[in-house]
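Here are the chains, one letter per residue:
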Amino acid sequence: MKKVLYEELLPEEYVQKIKEMPVAYLPLGTLEWHGPHMPLGADGIQSKELFVRVAEKIGGVVLPMLFMGPDRVFDDWGTVFYGMDINTEGALNTYYAQQMKGSAYWMEKGLFQNLLRSILAQLSRAGVRIVVGHGHGPSTNAFQELKEEAEEKYGLRIMTAWTYAEDERLKYQNDHAGANETSIVMAVRPELVDFGQVKEDESNLIGIAGRHPVRESSVAFGNEILEYTMKTLIAGIEKEYKTIRER
Ligand SMILES: [Zn+2]
């Protein structure tokens, strides 16, 4: 197995890797309730596992995952609810607003984008030319919004795992702890999914948006999403890299 994690590389190994393929991958995580059956770090775990596989195949370095990110927020006289604390359209089961167990990730969007700006500036300085960010939905969108600025200010191309993916059904992490995300974790880290945690009456199957995670998830579906995403993302990175080299 190739060394692809930025933090594990020796300086000369890093220089060589960036010379061969100047790409950095940024897993955008959360520590967030993803149903009773999934790990709190599901967002970052899915993107990191994708990026490690892509980097092993075409090169580049995988950054440590970020666990703070933006989300919708509702302040009820000092009690703050965010993200899936609040019942959303498309929720599998409806529920009362509540602070979901284990969630600890919320950060104001402007602050998050400033953090990303610092990361982009540092990566550009270290020789990176393309940055791929993906993970938690609102973080991925906030990252994508910096596209023009990244190009103009830092000379960086940025993209997400959605940039070149057209098949809605197979888009990576396109629900919240539903059949899409659950299947991905079953494919990349099967030991972290425990359906035994779901109560028989499904009363704890809340804070989930998407298709039924227990009934409609499978390793095969997760692998289908993973393979589709690797194929489209790798083609996208190679296309961008080609235009950079031709300059
Ligand atoms: Zn998620």
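Summary of the structure given here. (Residues numbered from 1 in each chain as written. Predicted model: local features only at pLDDT ≥ 70, side-chain atom pairs only at ≥ 80, totals over all residues. Heavy atoms only, no water.)

**Remarks on the pairing of strand 5 (residues 130-135)**
Summarising burial for strand 5: 6 of the 6 residues are buried, a large majority. Taking every second residue as pointing to the same face, both faces of strand 5 are buried, with Ile130, Val132 and His134 on one and Val131, Gly133 and Gly135 on the other. Note: strand 1 (residues 23-28) against strand 5, 6 bridges, orientation parallel. What sits directly across from tyrosine 25, in strand 5, is valine 132. With 3 bridges joining them, strand 5 and strand 6 (residues 157-159) adopt parallel strand pairing. In the strand pairing of strand 6, isoleucine 130 is matched with arginine 157. (Buried < 20%, exposed > 50% of the residue type's maximum accessible area, 1.4 Å probe, protein only. Helix = DSSP H or I, 4+ residues; strand = E, 2+ residues; numbered from the N terminus. Pairing = 2+ DSSP bridges.)

**Regarding the nonpolar core**
Formed by 31 residues in total, the largest nonpolar core has its most connected members in Tyr25, Leu50, Val54, Val132 and Ile237. At the level of secondary structure, the elements contributing two or more residues to this core comprise strand 1, helix 2 (42-58), strand 5, helix 6 (179-188) and helix 8 (219-245). Residue contributions to this core peak at 10 residues, all from helix 8. In this structure valine 132 touches Val23, Ala24, Tyr25, Leu26, Phe51, Phe143, Met159, Thr160, Leu233 and Ile237, once residues within four positions along its chain are discounted. Counting residues in hydrophobic clusters, the runner-up holds 24 residues, among them Ile18, Leu28, Leu63 and Leu66. (Core = buried A, V, L, I, M, F, W, Y, C linked by side-chain atoms within 4.5 Å. Contact = heavy atoms within 4.5 Å.)

**Quick word on a nonpolar patch on the surface**
A cluster of nonpolar side chains, Leu31, Leu40 and Phe67, forms an exposed patch at the surface whose accessible area comes to about 240 Å². Mapping leucine 31 onto the fold places it in the loop between strand 1 and helix 2. Its relative accessible area of 34% is what places leucine 31 among the partly exposed residues. (Patch = residues over 30% accessible without salt bridge, like charges linked within 9 Å, V, L, I, M, F, W, Y side chains within 5 Å. Areas by Shrake-Rupley, 256 points an atom, 1.4 Å probe, with all protein chains shown as cover. Salt bridge = Lys/Arg side-chain N within 4 Å of Asp/Glu carboxyl O.)

**Description of the sheet that holds strand 5**
The strands making up a sheet associate through backbone hydrogen bonding, with each pair oriented either parallel or antiparallel. Strand order in the open sheet made by the 4 strands is 2-1-5-6, with parallel pairing throughout. Since the sheet does not close on itself, it has two edges, and those belong to strand 2 (61-62) and strand 6, each with one partner. Contacting strand 1, strand 5 and strand 6, helix 4 (residues 137-144) runs over the sheet at an angle of about 155° to strand 5. (Axes fitted to C-alpha atoms, helices over the stretch in contact; angles between N-to-C directions.)

**What to know about the packing of helix 2 against helix 6**
Helix 6 packs onto helix 2 with a crossing angle of 50° between their chain directions and a minimal axis gap of 10 Å. Comparing their axes, helix 6 and helix 2 come out oblique. The crossing of helix 2 and helix 6 is left-handed. In contact with Ala42, Asp43, Gln46, Glu49 and Arg53 of helix 2, helix 6 contributes Glu181, Ile184, Val185 and Val188. Tallied by class, residues from the contact of helix 2 with helix 6 come to 4 nonpolar, 1 polar and 4 charged. (Parallel < 35°, antiparallel > 145°, perpendicular 65-115°, else oblique. Left-handed = near helix turned anticlockwise from the far one by under 90°. Nonpolar A, V, L, I, M, F, W, Y, C, P; charged D, E, K, R; others polar.)

**Comments concerning the coordination of the zinc ion**
Within the protein, the zinc ion binds to His34 (NE2), Asp43 (OD), Glu181 (OE) and Glu181 (OE); these donor distances fall in the range 1.9 to 2.5 Å. Every donor counted, the 4 donor atoms about the zinc ion form angles of 55 to 139° at the centre, which fits irregular coordination. In terms of primary sequence, the donors binding the zinc ion are separated according to H-x8-D-x137-E. Of the residues examined, histidine 34 reaches a relative accessible area of 0% and is grouped as buried. Classification of aspartate 43 by relative accessible area gives buried; the value is 2%. (Donors = N, O, S within 2.8 Å, 3.2 Å for Na, K, Ca; no water. Tetrahedral: all angles 85-135°; square planar, octahedral: opposite > 155°, others 65-115°.)

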